[in-house]
Amino acid sequence: MPDKNFTAASLAAQAMGWIDPVTKAVVPPIHMASTYQRDEDNYYRSGRIYARADNPTFDQVEATLTMLERGARALVFSSGMSAASTCFLALSPGDHVVAPKVMYWALRNWLATFATQWGLKVDFIDADCSDAIATAVRPGVTKLVWVETPANPTWSITDLVAAADIAHRAGALLAVDSTVATPVLTRPIEHGADIVMHSATKYLNGHSDIIAGALVGARDDAYWAKLKTIRAQLGTILGQTEAWLLMRGIRTLFPRVSWACRSAQLLAERFAAHPMVEEVLYPGLDSFAGHAIAKKQMSGGFGGMLSVRVKGGERAAIATAARVALWKRATSLGGVESLIEHRASIEGPDTPCPIDLLRLSVGVEDAEDLHADLDQALRRAHNL
Ligand SMILES: *Cc1c(COP(=O)(O)O)cnc(C)c1O
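Described in the following lines is the structure provided in the data block.

Cut-offs and rules
Residues numbered from 1 in each chain as written. Predicted model: local features only at pLDDT ≥ 70, side-chain atom pairs only at ≥ 80, totals over all residues. Heavy atoms only, no water. Phe/Tyr/Trp six-rings, centres within 6.5 Å; stacked < 30°, edge-to-face > 60°. Helix = DSSP H or I, 4+ residues; strand = E, 2+ residues; numbered from the N terminus. Buried < 20%, exposed > 50% of the residue type's maximum accessible area, 1.4 Å probe, protein only. Lys NZ or Arg CZ within 6 Å of the ring centre and 35° of its normal. Pairing = 2+ DSSP bridges. Axes fitted to C-alpha atoms, helices over the stretch in contact; angles between N-to-C directions. Contact = heavy atoms within 4.5 Å.

### Digging into the packing of aromatic side chains
Summed over all chains, the structure comprises three aromatic pairs. Both rings, one in Phe 88 and one in Trp 110, keep their centres 6.2 Å apart while their planes meet at 55°; by these two values the pair is tilted. Taken together, the residues Phe 88 in helix α3 (residues 80-89) and Trp 110 in helix α4 (residues 105-118) connect sequence positions 22 residues apart. Assessed through its relative accessible area of 0%, Phe 88 is described here as buried. A centroid spacing of 5.4 Å and a plane angle of 15° characterise the contact between Trp 110 and Phe 114, whose relative ring orientation is stacked. Taken together, the residues Trp 110 and Phe 114, both in helix α4 and four residues apart, mark about one turn of the helix. Since its relative accessible area comes to 41%, Phe 114 is described here as partly exposed. What links up through ring pairs into an aromatic cluster is the set Phe 88, Trp 110, Phe 114 and Trp 146. Stacked on the ring of Phe 77, the Lys or Arg Arg 231 has its end atom at 5.9 Å from the ring centre.

### Section: the sheet that holds strand β4 (residues 142-148)
One open sheet accounts for seven strands, arranged β1-β7-β6-β5-β4-β2-β3; its pairing is mixed. The open sheet has two free edges, formed respectively by β1 (73-77) and β3 (121-125), since each of these has just one partner strand. Strand-to-strand twist across the sheet, computed as the mean angle between neighbouring axes with direction ignored, equals 20°. In this sheet, β3 lies alongside strand β2 (residues 96-100) in parallel orientation, the contact comprising five bridges. Its bridge partner lying in β3, His 96 is registered against Lys 121. Of the strands in this sheet, β2, β3 and β4 touch α4, which is tilted by about 155° from β3.

Pasting the structure below:
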């Protein structure tokens with residue numbers, strides 16, 4: 001293990017400083033085995049039996065995630081959705097949970113359908129308001145408070161210290177979808193969270209070439225053991241090649257996120273003053289509702305995600321997205337290439353997302369190129 005005095009940025013760049021003890025390789029191998037030999041005395045002294053439970057390829061990436069989030073343990077999953085749903089499946093039918101109205105839409109749909117049919121009682125609330133969380137929790141009955149900050153696709157901010165305090169007073173856990181913030185900007189466990197969830201498909205991997213998820217636990221307790229058991233039972237483990245790629249991606253997490261934050265701040269400020277833009281939603285703008293809380297719990301920037309509400313409504317928004325050349329029209333976020341998306345189109349008719357909203361995921365291209373491309377698209381969509 002490397003010197004604890006090195007920063008998270010240095011440790012991430014070197015994947016915790018791992019060196020193969022035999023070959024001195026600076027990059028770990030991919031372990032392909034699905035099964036492990038039993039010792040002659042009938043024990044499994046290696047601690048490994050079968051790869052539906054875990055894989056040595058996970059060790060380095062889980063250790064790095066634990067370090068990044070200042071947690072006790074980490075688990076990698078086959079997707080962000082399998083990581084997130086495991087937090088709810090570890091509860092019991094009849095348990096009450098609280099989740100935001102504004103959150104990643106596929107998880108909101110899963111909670112409203114599968115989780116509800118399975119027996120969870122789910123209340124969707126305005127999580128950018130601490131009073132709303134306090135009103136929704138039922139002491140002794142609520143088992144989990146789920147929040148996402150900044151939250152898709154309006155980037156509303158939840159006060160993590162307040163949410164943790166409310167959850168814990170009621171005897172509930174606080175779980176935080178920190179996909180957008182990344183551990184570069186916010187470490188929810190430092191603010192009182194019990195579980196941190198990531199769609200590692202996004203910033204952690206950063207190259208739009210794998211689907212992956214992760215959980216980091218503040219404690220190695222009975223709830224954590226349940227999460228690990230469910231992953232082993234359902235087999236929602238990450239593939240070994242994907243685990244290796246994820247570790248490779250995390251090595252450049254800090255420079256990618258820092259670059260994207262700088263560009264996103266610049267783009268947010270410029271487009272906020274653009275004649276064809278109604279409003280820019282970005283936690284880094286002074287005018288943004290959650291800015292003061294974001295400043296308290298985010299350090300080093302306000303993220304690479306922003307949304308632009310285009311003047312002229314849905315038609316003008318879709319026309320703008322149709323006229324970009326550098327930005328790519330695609331869903332997802334957190335990759336090195338910048339993406340633009342008319343969000344309401346993918347969320348469907350019951351979405352709370354404004355219909356004039358374009359969601360922008362800022363990558364690592366030149367910020368001036370990104371600005372010029374979106375500027376010309378806005379002007380051409382408005383026939384100017
Ligand atoms: C993408 C995403 C998810 C789901 O993750 P997958 O890896 O696509 O399963 C959950 N939360 C947020 C905030 C996301 O952006």
